[in-house]
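Each chain, written out:
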Amino acid sequence: MAGPKTLFDATYTAQVGMTSSQYRAVVHGSSDGNATLPSGESAAQCLGILQNKPPINAECSVRKSGISNAFAVGAIERGDALEIANAAGGVQTAAVIVGTYLGTAEEDAADGEEFRMFVNLVEIQGSTIRFSSSSSSSSSSSSSSSSSSSSSSSSSSSSNSSSSSSSSSSSSSSSSSSSSSSSSSSSSSD
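Predicted model, so just to flag it, every value in this text is computed and none were measured.

The rules we used
Residues numbered from 1 in each chain as written. Predicted model: local features only at pLDDT ≥ 70, side-chain atom pairs only at ≥ 80, totals over all residues. Heavy atoms only, no water. Helix = DSSP H or I, 4+ residues; strand = E, 2+ residues; numbered from the N terminus. Buried < 20%, exposed > 50% of the residue type's maximum accessible area, 1.4 Å probe, protein only. Salt bridge = Lys/Arg side-chain N within 4 Å of Asp/Glu carboxyl O. Pairing = 2+ DSSP bridges.

Student: Give a description of unusual backbone geometry that names residues and reports values.
Tutor: The phi torsion at glutamine 45 lies on the positive side, around 60 degrees, for a residue other than glycine. As for its placement among the helices and strands, glutamine 45 is situated in the loop between strand E3 (34-36) and strand E4 (46-50). If you check the backbone angles, asparagine 57 has positive phi at about 65 degrees while not being a glycine. Its relative accessible area of 61% is what places asparagine 57 among the exposed residues.

Have a look at this one:
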(Lines give C-alpha, C1' and ligand atoms only; values in the text may rest on other atoms or scores of the structure.)
Protein backbone atom coordinates (compact mmCIF):
# COMPACT_ATOMS: atom_id res chain seq x y z
CA MET A 1 0.00 0.00 0.00
CA ALA A 2 3.04 2.23 0.02
CA GLY A 3 3.13 4.63 -2.86
CA PRO A 4 3.97 8.18 -3.77
CA LYS A 5 2.96 10.78 -1.21
CA THR A 6 1.56 13.97 -2.66
CA LEU A 7 1.75 16.82 -0.18
CA PHE A 8 1.43 20.54 -0.68
CA ASP A 9 3.05 22.82 1.87
CA ALA A 10 3.24 26.61 1.51
CA THR A 11 5.44 29.06 3.37
CA TYR A 12 4.04 32.08 5.20
CA THR A 13 5.30 34.51 7.85
CA ALA A 14 4.13 33.89 11.40
CA GLN A 15 2.13 36.96 12.47
CA VAL A 16 2.22 35.73 16.07
CA GLY A 17 4.56 33.38 17.87
CA MET A 18 3.35 29.82 17.26
CA THR A 19 6.11 27.83 18.95
CA SER A 20 3.56 25.61 20.70
CA SER A 21 1.09 25.40 17.78
CA GLN A 22 2.56 22.67 15.57
CA TYR A 23 -0.21 20.60 13.91
CA ARG A 24 -2.82 23.28 14.60
CA ALA A 25 -5.07 25.00 12.05
CA VAL A 26 -3.95 28.47 10.96
CA VAL A 27 -5.72 31.23 9.02
CA HIS A 28 -4.77 34.25 6.90
CA GLY A 29 -3.12 37.01 8.93
CA SER A 30 -3.86 40.71 8.67
CA SER A 31 -1.32 41.19 5.84
CA ASP A 32 -0.66 39.25 2.65
CA GLY A 33 1.65 36.31 3.24
CA ASN A 34 1.03 36.17 7.00
CA ALA A 35 -0.44 33.26 8.97
CA THR A 36 -1.98 33.41 12.43
CA LEU A 37 -4.09 31.35 14.79
CA PRO A 38 -7.87 31.34 14.18
CA SER A 39 -10.26 33.67 16.00
CA GLY A 40 -12.36 30.76 17.22
CA GLU A 41 -14.64 27.91 16.20
CA SER A 42 -15.51 27.61 12.49
CA ALA A 43 -13.12 30.43 11.56
CA ALA A 44 -13.05 31.21 7.84
CA GLN A 45 -10.04 31.82 5.58
CA CYS A 46 -8.18 28.77 6.78
CA LEU A 47 -4.74 28.26 5.26
CA GLY A 48 -4.21 24.70 6.47
CA ILE A 49 -2.33 22.88 9.25
CA LEU A 50 0.91 24.33 10.68
CA GLN A 51 3.83 21.90 10.28
CA ASN A 52 6.56 23.63 12.30
CA LYS A 53 6.97 25.73 15.47
CA PRO A 54 7.76 29.29 14.29
CA PRO A 55 8.42 32.28 16.54
CA ILE A 56 6.87 35.62 15.54
CA ASN A 57 7.96 36.91 12.09
CA ALA A 58 9.64 33.60 11.20
CA GLU A 59 8.77 31.37 8.25
CA CYS A 60 6.01 28.89 8.91
CA SER A 61 5.24 25.81 6.84
CA VAL A 62 1.53 25.17 6.31
CA ARG A 63 0.11 21.88 4.92
CA LYS A 64 -2.56 22.89 2.42
CA SER A 65 -3.22 19.45 0.98
CA GLY A 66 -2.27 15.91 1.94
CA ILE A 67 -1.86 13.93 5.15
CA SER A 68 -1.04 15.87 8.32
CA ASN A 69 -1.18 15.40 12.04
CA ALA A 70 -3.71 17.53 13.95
CA PHE A 71 -5.10 17.82 17.49
CA ALA A 72 -8.63 16.65 18.28
CA VAL A 73 -11.15 18.68 20.25
CA GLY A 74 -13.80 16.18 21.30
CA ALA A 75 -14.10 12.67 19.95
CA ILE A 76 -13.45 12.25 16.23
CA GLU A 77 -14.23 9.18 14.13
CA ARG A 78 -12.32 8.06 11.05
CA GLY A 79 -13.95 9.64 7.97
CA ASP A 80 -15.50 12.61 9.81
CA ALA A 81 -15.43 15.96 8.03
CA LEU A 82 -13.37 18.38 10.14
CA GLU A 83 -13.47 22.10 10.97
CA ILE A 84 -11.58 24.53 13.21
CA ALA A 85 -12.65 23.94 16.82
CA ASN A 86 -11.10 26.82 18.78
CA ALA A 87 -8.65 29.73 18.87
CA ALA A 88 -5.79 27.32 19.60
CA GLY A 89 -6.26 25.73 16.15
CA GLY A 90 -7.61 22.37 17.33
CA VAL A 91 -9.99 20.53 15.01
CA GLN A 92 -13.37 18.91 15.61
CA THR A 93 -16.04 17.04 13.71
CA ALA A 94 -17.66 19.59 11.40
CA ALA A 95 -21.15 20.73 12.32
CA VAL A 96 -21.40 23.95 10.31
CA ILE A 97 -23.31 24.66 7.14
CA VAL A 98 -21.27 27.78 6.39
CA GLY A 99 -17.54 27.85 7.12
CA THR A 100 -14.33 26.06 6.24
CA TYR A 101 -14.07 22.30 6.11
CA LEU A 102 -10.42 21.33 6.69
CA GLY A 103 -10.63 17.79 5.39
CA THR A 104 -11.37 14.35 6.82
CA ALA A 105 -10.08 12.24 9.71
CA GLU A 106 -7.85 9.33 8.71
CA GLU A 107 -8.28 7.65 12.11
CA ASP A 108 -10.31 7.81 15.32
CA ALA A 109 -9.15 10.27 17.99
CA ALA A 110 -10.11 11.12 21.54
CA ASP A 111 -10.27 14.66 22.93
CA GLY A 112 -6.78 16.23 23.03
CA GLU A 113 -5.18 13.42 21.05
CA GLU A 114 -2.85 13.95 18.09
CA PHE A 115 -4.19 12.12 15.03
CA ARG A 116 -3.77 11.93 11.25
CA MET A 117 -6.10 13.75 8.87
CA PHE A 118 -6.32 14.39 5.15
CA VAL A 119 -6.16 18.15 4.51
CA ASN A 120 -8.51 19.22 1.72
CA LEU A 121 -9.75 22.77 2.25
CA VAL A 122 -13.29 23.58 1.15
CA GLU A 123 -15.04 26.81 2.12
CA ILE A 124 -18.85 26.96 2.21
CA GLN A 125 -20.27 30.48 1.83
CA GLY A 126 -24.06 30.38 1.80
CA SER A 127 -25.05 27.99 -0.97
CA THR A 128 -21.73 28.38 -2.82
CA ILE A 129 -18.88 25.92 -2.40
CA ARG A 130 -15.42 27.40 -2.88
CA PHE A 131 -12.28 25.32 -2.92
CA SER A 132 -9.64 27.30 -1.09
CA SER A 133 -6.87 28.43 -3.38
CA SER A 134 -3.18 27.99 -2.75
CA SER A 135 -2.54 31.71 -3.01
CA SER A 136 -4.02 34.53 -1.01
CA SER A 137 -6.00 35.84 -3.95
CA SER A 138 -9.25 33.96 -3.49
CA SER A 139 -11.42 36.53 -5.19
CA SER A 140 -13.31 34.48 -7.74
CA SER A 141 -11.65 31.10 -7.96
CA SER A 142 -14.92 29.24 -7.69
CA SER A 143 -14.82 28.34 -11.38
CA SER A 144 -12.48 25.47 -10.53
CA SER A 145 -15.06 24.07 -8.17
CA SER A 146 -17.24 22.84 -11.02
CA SER A 147 -15.04 19.79 -11.50
CA SER A 148 -16.03 18.12 -8.25
CA SER A 149 -18.71 20.19 -6.59
CA SER A 150 -22.39 19.52 -7.00
CA SER A 151 -23.76 21.28 -10.04
CA SER A 152 -26.99 22.18 -8.32
CA SER A 153 -25.30 24.41 -5.76
CA SER A 154 -23.20 26.52 -8.08
CA SER A 155 -25.16 29.23 -9.79
CA SER A 156 -22.55 29.77 -12.49
CA SER A 157 -23.20 26.39 -14.10
CA SER A 158 -26.50 27.54 -15.60
CA SER A 159 -24.70 29.84 -18.04
CA ASN A 160 -22.29 27.20 -19.34
CA SER A 161 -24.13 26.16 -22.47
CA SER A 162 -21.09 25.32 -24.58
CA SER A 163 -19.09 23.31 -22.08
CA SER A 164 -20.09 19.86 -23.34
CA SER A 165 -21.20 19.16 -26.88
CA SER A 166 -22.94 15.86 -26.14
CA SER A 167 -24.88 16.74 -23.03
CA SER A 168 -26.17 13.46 -21.65
CA SER A 169 -27.65 14.82 -18.43
CA SER A 170 -31.26 13.88 -19.00
CA SER A 171 -32.24 15.25 -15.59
CA SER A 172 -32.04 18.88 -16.67
CA SER A 173 -35.38 20.43 -17.41
CA SER A 174 -34.49 23.46 -19.49
CA SER A 175 -36.95 23.77 -22.33
CA SER A 176 -35.24 26.13 -24.73
CA SER A 177 -35.58 23.65 -27.60
CA SER A 178 -37.81 20.65 -28.05
CA SER A 179 -36.17 17.51 -26.79
CA SER A 180 -36.26 14.30 -28.76
CA SER A 181 -39.09 11.99 -27.88
CA SER A 182 -36.99 8.98 -26.93
CA SER A 183 -35.48 10.25 -23.64
CA SER A 184 -38.53 10.92 -21.49
CA SER A 185 -39.86 7.45 -20.80
CA SER A 186 -39.32 7.51 -17.02
CA SER A 187 -41.63 10.42 -16.20
CA SER A 188 -45.04 9.23 -15.12
CA SER A 189 -47.87 11.47 -14.06
CA ASP A 190 -50.89 10.22 -12.16
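Student: Give me the lowdown on the pattern of salt bridges, citing residues and values where you can.
Tutor: Throughout the structure, instances matching the rule amount to 2 salt bridges. Here aspartate 9 ties to arginine 63 by a salt bridge, and the two come within 2.3 Å at their closest N and O atoms. Residue aspartate 9 is located in strand E1 (residues 8-14), and its partner arginine 63 is located in strand E5 (residues 59-71); the two are separated by 54 residues in the primary sequence. A salt bridge links glutamate 107 to arginine 116; the shortest N-O distance between them is 3.6 Å.

Student: Explain the environment of cysteine 46 to me, and be specific about the residues and the numbers.
Tutor: With respect to the helices and strands, cysteine 46 occurs in strand E4. By relative accessible area, which is 3% here, cysteine 46 ends up buried. Along the primary structure cysteine 46 and glutamate 123 are separated by 77 residues, whereas in three dimensions their C-alpha atoms are 8.5 Å apart.

Student: Describe the pairing of E4, and please don't skip the residues or the numbers.
Tutor: In summary, the side chains of a regular strand alternate between the two faces of the sheet. With 5 of 5 residues buried, E4 lies mostly within the body of the structure. Note: strand E2 (residues 25-28) against E4, 3 bridges, orientation antiparallel. Note on E4: the bridge partner recorded for valine 27 is cysteine 46. Both E4 and E5 contribute to a ladder of 2 bridges, which runs antiparallel.

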